[in-house]
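Coordinates in review
Residues per chain, in single letters:
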Amino acid sequence: MPDKIIEVRDLKKNYGPVAALQGIDFTVYAGEIFGLLGPNGAGKTTTLEIMETLLRADSGSVSVCGFDVEKHPSEIKRRIAVQLQSSGYYPNLTLRELLELFSGLYNVKSNPQSLLEIVGLEEKGNARYKHLSGGQKQRFSICTTLIHNPEVIFLDEPTTGLDPQARRNLWKLIQSIRSKGTTIVLTTHYMEEAEQLCDRVLIIDSGKVIASGAPSDLIDNLVSEGFKREVSVKSASLEDVFISLTGRQWRNT
Ligand SMILES: Nc1ncnc2c1ncn2[C@@H]1O[C@H](COP(=O)(O)OP(=O)(O)OP(=O)(O)O)[C@@H](O)[C@H]1O
Ligand SMILES: [Mg+2]
């Protein structure tokens, strides 16, 4: 069994009268891609922000990389990375300048060109952030999480708004980062994304855990309960058509 890298026990959080988290328990193991799933308002972002030490829980315990979020937030901050939403960047700086700026903030030496290569943006070092496409912006925001070589990367809906190829390219990028041993915790509303990408998922609804496990085990459980799809499914989807027509490569536009 791999090491536990995140442990969340009986986590509760209210926003005024809204009980956003009503006692959440889960464990994330080192090196996993772990998915937090659930409908809008389920409590995914709240859970992420507490693990990221950006938000305080009302009760319960959370440890990340062996440190308690209440007692040692700065030890955790040093070991994790949080994908910033695009509004966090200076739009007029080039990608190289932004990576240099972030390296300075983290107080680490980095090689902007090799970081850009990891995410397929090696030709964009002199491009301004504001001139990137949506998919390139997402890849760049993942690039900035790699600067200080974190143990855990948190991604909140990293593929929302991307076209099908850009999403698949991001899946490959996330898998390649994990293959170097980094743990990834992400949220998504795309179930086929969770099925392809995540080793295990936690499904929450109204601040409570309703299921957890490997996607294929959750599917097998449903089938064993007698579930049958109401309509027969074609062996390809419109998304398959789109991808076979438009290609799978990184796109520079
Ligand atoms: N700052 C806040 N003030 C008040 N209520 C909040 C705040 N942030 C979140 N909530 C409420 O807490 C609940 C959980 O919100 P959260 O953002 O964690 O959900 P989510 O699962 O990330 O949803 P989505 O899929 O839409 O991103 C919701 O009812 C939301 O309205
Ligand atoms: Mg959210």
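What comes next is a walk through the structure. (Residues numbered from 1 in each chain as written. Chains lettered and ligands numbered in written order. Predicted model: local features only at pLDDT ≥ 70, side-chain atom pairs only at ≥ 80, totals over all residues. Heavy atoms only, no water.)

1. Some points on the packing of aromatic side chains
Short version of the rule: Working definition: rings of Phe, Tyr and Trp (its six-membered ring) pair if their centres are within 6.5 Å, and the pair is stacked with planes under 30 degrees apart, edge-to-face with planes over 60 apart, and tilted otherwise. Strands here mean DSSP runs of E at least two residues long; helices mean DSSP runs of H or I at least four residues long; both are numbered from the N terminus. Classification of residues uses two cut-offs on accessible area relative to the type maximum, computed with a 1.4 Å probe and protein chains only: under 20% is buried, over 50% is exposed, and between them is partly exposed.
Scanning all chains against the criterion turns up 5 aromatic pairs. Seen from their ring centres, Y89 and F102 are 5.7 Å apart, and the 80° between their planes marks the pair as edge-to-face. Taken together, the residues span a long stretch of sequence, with Y89 in the loop between β6 (80–82) and α3 (95–106) and F102 in helix α3 at a distance of 13 residues. An identical accessibility class is assigned to Y89 and F102; each is buried. Relative to F140, the ring of Y89 lies with its centre 5.6 Å away and its plane at 65°, an arrangement referred to as edge-to-face. Of this pair, Y89 sits in the loop between β6 and α3 while F140 sits in helix α5 (residues 134–145), and the two are 51 residues apart along the sequence. Under the relative-accessibility criterion, Y89 is labelled buried at 5%.

2. What about the sheet that holds strand β3 (residues 33–37)?
Each strand in a sheet pairs with its neighbour through backbone hydrogen bonds, running either in the same direction (parallel) or in the opposite one (antiparallel). What counts here: Strand pairing is assigned whenever DSSP detects at least two bridges linking the two strands. In this analysis an axis means a line fitted to C-alpha atoms, helices contributing only their contacting stretch, and an angle means the value between N-to-C directions, from 0 to 180 degrees.
Taken in spatial order, the 6 strands line up as β6-β7-β8-β3-β9-β10 in an open sheet, and their pairing is mixed. In this open sheet, the two edge strands, each paired with only one partner strand, are β6 and β10 (208–213). Each adjacent strand pair in this sheet contributes to an overall mean axis angle of 15°, direction not counted. Inspection of the sheet shows β3 paired to strand β9 (residues 200–205) by 4 bridges, in the parallel sense. Across the sheet, L36 pairs through a bridge with L202, a residue of β9.

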